[in-house]
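Topology and contacts: notes
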Amino acid sequence: MSVIMIVDDDEPILQVAGAYLRALGHTPLPAPDSTQVFPILENNSVDLILLDVFMPDINGMELLQLIKSHPVYQNIPVIMLTGGPEEMLLAKCFELGATDFVSKPIKKTVLQSRIKMALAAREYIRQLADFNENLEKIVRQRTMELRESEERLQSILDNATAVVYLKDTQGRYLLINHRYEVLFHIKKDEISGKTDHDIFPEETADKFMANDRKALETLGPLEFEEEVPQDDGNHTYISMKFPLVDPLGVPYGVCGISTDITERKRIEEELLKLSRAVEQSPNSVIVTDIQGNIEYVNPKFSQLTGYTSQEVVGKNPRILKSGETPPEYYKRLWDTIVSGREWQGEFHNKKKNGDLFWESVAISSIKNTRGEATHFIAVKEDITEKKLVEEKERRQREQLAQADKMISLGTLVAGVAHEINNPNNNILLNVSSLKKIWERMKPMVLSKAEAAGENSFGEMDVGEGIRLFEELLGVTGKAGERIEKIVDGLKAFAREDTSGYQNKVDVGRMIESSVKLLESLIKKSANRFRCDIPPLPLVRGNFHKLEQVMVNLIINACQALEDPSQRIEVSAIHNEPEGMVDITVRDEGRGMDGEVLRRVMEPFFTTRQASDGTGLGVSISYGIIREHGGDMVYDSAPGKGTTVCVRLPVERE
């Protein structure tokens, strides 16, 4: 079990003790004199020493002292062997480090008990020593780890871009990081014990400490926006502050992590300005992804198109297509913006309610920091009104040109009409005379041919010759009459007669009179005719001239219908803002294409040659309206009918 050295100069004691130890299962190592003690210790692993108090060469207490002062053997338990219970002597032994004592003569049971206790104590001491050694190792390891952790933490804090600091509950600084040192010009080893009032202006320090107290009082993290004075002026920080608590939950300090958001706030303000500019822009703004799907539209887009943001996000802008823009136009657009260039152009688009509108559009790509296109942005201006104005100005220019042309043409026409009229009068008179002469001669010709028995004039049959002569005479007469009609039209076109234009004209009565004159034609042409005329102010002009215009427009509307089921509408309104009476004649007839519409008011231009049209009716009507200080505008499309608007200035009181 254990190795026990017996140090005693009494041989019988050595034998008895040795026998007892062997009986107890231990290994005895006898040392009859003190000089053998240390050699035995050096050569053996001794668990316990039985040491006689009185030795002949070296006193037992002196040897005990040597053993207990030895660095290797000092932990070996020593039981003193004494001749009797000498209290002073035993006290001295215990003072020198003895574990226990056994009185002589040695009793086996006592020795067994004392050895057991001593060995147990030695094991306990060994375990305690091991524990202490391990504890010291752990403490050293933990201390090293803590130091390394503190160094890592400090390194992390010092490399952080945020300002980090710890304060106690009184606001005294415990720790700061390098960022704090740089910004506020104070070292870590100088900060201990200082407060914000030692570093910042009083007002700033008061705010900081008030925020610290709030964090301590709430026992939870709080976020504050704090203004901090620095060398280049005030900076804005977002400060996260939270209490530091001990194991019992009692706060002993506060930690703050403050991040400079000055630049971020500047960018946010710029973005806010940009956002407000886009939101409040008078132009439509659309942002799409790289595939062209809508991600954002501003309020102006919704106001203009009638589509809400929720209705269009995720969809393609093609929902606005009116169908009037050719596909190759869109292809050129897409090729341009995909290549990174800006595209500019115009669209004739369609609103949610079906109304058409014009937009001037600029589309470009939005690129990331690597220059890669991530989105497309379209800025669109509503130019519908501008287009209408341009179209109106174009028509006015055309009308002015037409008017100038008609003035010049009128002079020419007056002369031509005169030159044509004289020979045509002769033709008409000659035809009339020839008819009268032929009426007398025809019976004579037939009688003589019958008396002579002749049925032909040369190779021509008499009856066929007579029929051909009469047909030619009739055609010549009709041609002369047509020439006369054209000449009368030319005279009317060339004559600028403003007599009677100063009368006050009741527009409603004038329209009703025109409709009544054409009642038969209207019933024959259209099953659905509507005339809606509210009370209107008077205009200054010539009743019969204006009636002539209305008659011409209604006749044209009737002739434009392809089926009696199609409708004709005549209406009029008082356009107060512009001081005009607007008369509208609308039909659902065949309509006109762009080329016909462009030439509709040209003299001699007609689409009804087969029906004996002269091409002067519209020109003359336009001239009459211009003489009244008004205007006449045509709008038409093939298959969609024609609308004519006559505008006359209201009579001023």
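Residues numbered from 1 in each chain as written. Predicted model: local features only at pLDDT ≥ 70, side-chain atom pairs only at ≥ 80, totals over all residues. Heavy atoms only, no water.

Here's the deal with the packing of helix 3 (residues 60-69) against helix 4 (residues 87-96)
Following both chains from N to C, one finds helix 3 and helix 4 inclined at 15 degrees, their axes separated by 9 Å at the closest point. What the angle tells us is that helix 3 and helix 4 run roughly parallel. Relative to helix 4, helix 3 is oriented so that their crossing is right-handed. When helix 3 is examined against helix 4, the residues Met61, Leu64, Gln65 and Lys68 are found in contact with a partner set consisting of Leu89, Lys92, Cys93 and Leu96. The class makeup of the residues in the contact of helix 3 with helix 4 is 5 nonpolar, 1 polar and 2 charged. (Axes fitted to C-alpha atoms, helices over the stretch in contact; angles between N-to-C directions. Helix = DSSP H or I, 4+ residues; strand = E, 2+ residues; numbered from the N terminus. Parallel < 35°, antiparallel > 145°, perpendicular 65-115°, else oblique. Left-handed = near helix turned anticlockwise from the far one by under 90°. Contact = heavy atoms within 4.5 Å. Nonpolar A, V, L, I, M, F, W, Y, C, P; charged D, E, K, R; others polar.)

Things to note about unusual backbone geometry
Here the bond from Lys104 into Pro105 is cis, since omega is -10 degrees, no more than 30 degrees from zero. Tracing the sequence through the fold places Pro105 in the loop between strand 5 (100-103) and helix 5 (108-159). You will see that Leu219, though not glycine, has its phi angle at about 55 degrees, which is positive. Accessibility expressed as a relative area gives 51% for Leu219, which makes it exposed. (Buried < 20%, exposed > 50% of the residue type's maximum accessible area, 1.4 Å probe, protein only.)

Overview of the environment of Asp158
Turning to its location among the elements, Asp158 is positioned in helix 5. Each residue touching Asp158, except ones within four places of it in the same chain, is listed here: Asn177, His178 and Lys188.

Here's the deal with the packing of aromatic side chains
If you walk through the whole model with that rule in mind, you get 14 aromatic pairs. Taking the centre distance of 5.9 Å and the plane angle of 80 degrees together, the rings of Tyr329 and Phe347 count as edge-to-face. Note that Tyr329 is positioned in helix 12 (residues 327-338) and Phe347 in strand 13 (residues 343-350), a separation of 18 residues in sequence. With relative accessibility at 7%, the residue Phe347 sits in the buried group. Ring-pair connections join several aromatic residues into one group, and the members of that group are Tyr165, Tyr173, Tyr180, Phe184, Phe200 and Phe208. It is Arg114 that lies over the ring of Phe101; its NZ or CZ is 5.3 Å from the centre. Over the aromatic face of Tyr330 sits the side chain of Lys321, whose NZ or CZ is 4.2 Å from the ring centroid. (Phe/Tyr/Trp six-rings, centres within 6.5 Å; stacked < 30°, edge-to-face > 60°. Lys NZ or Arg CZ within 6 Å of the ring centre and 35° of its normal.)

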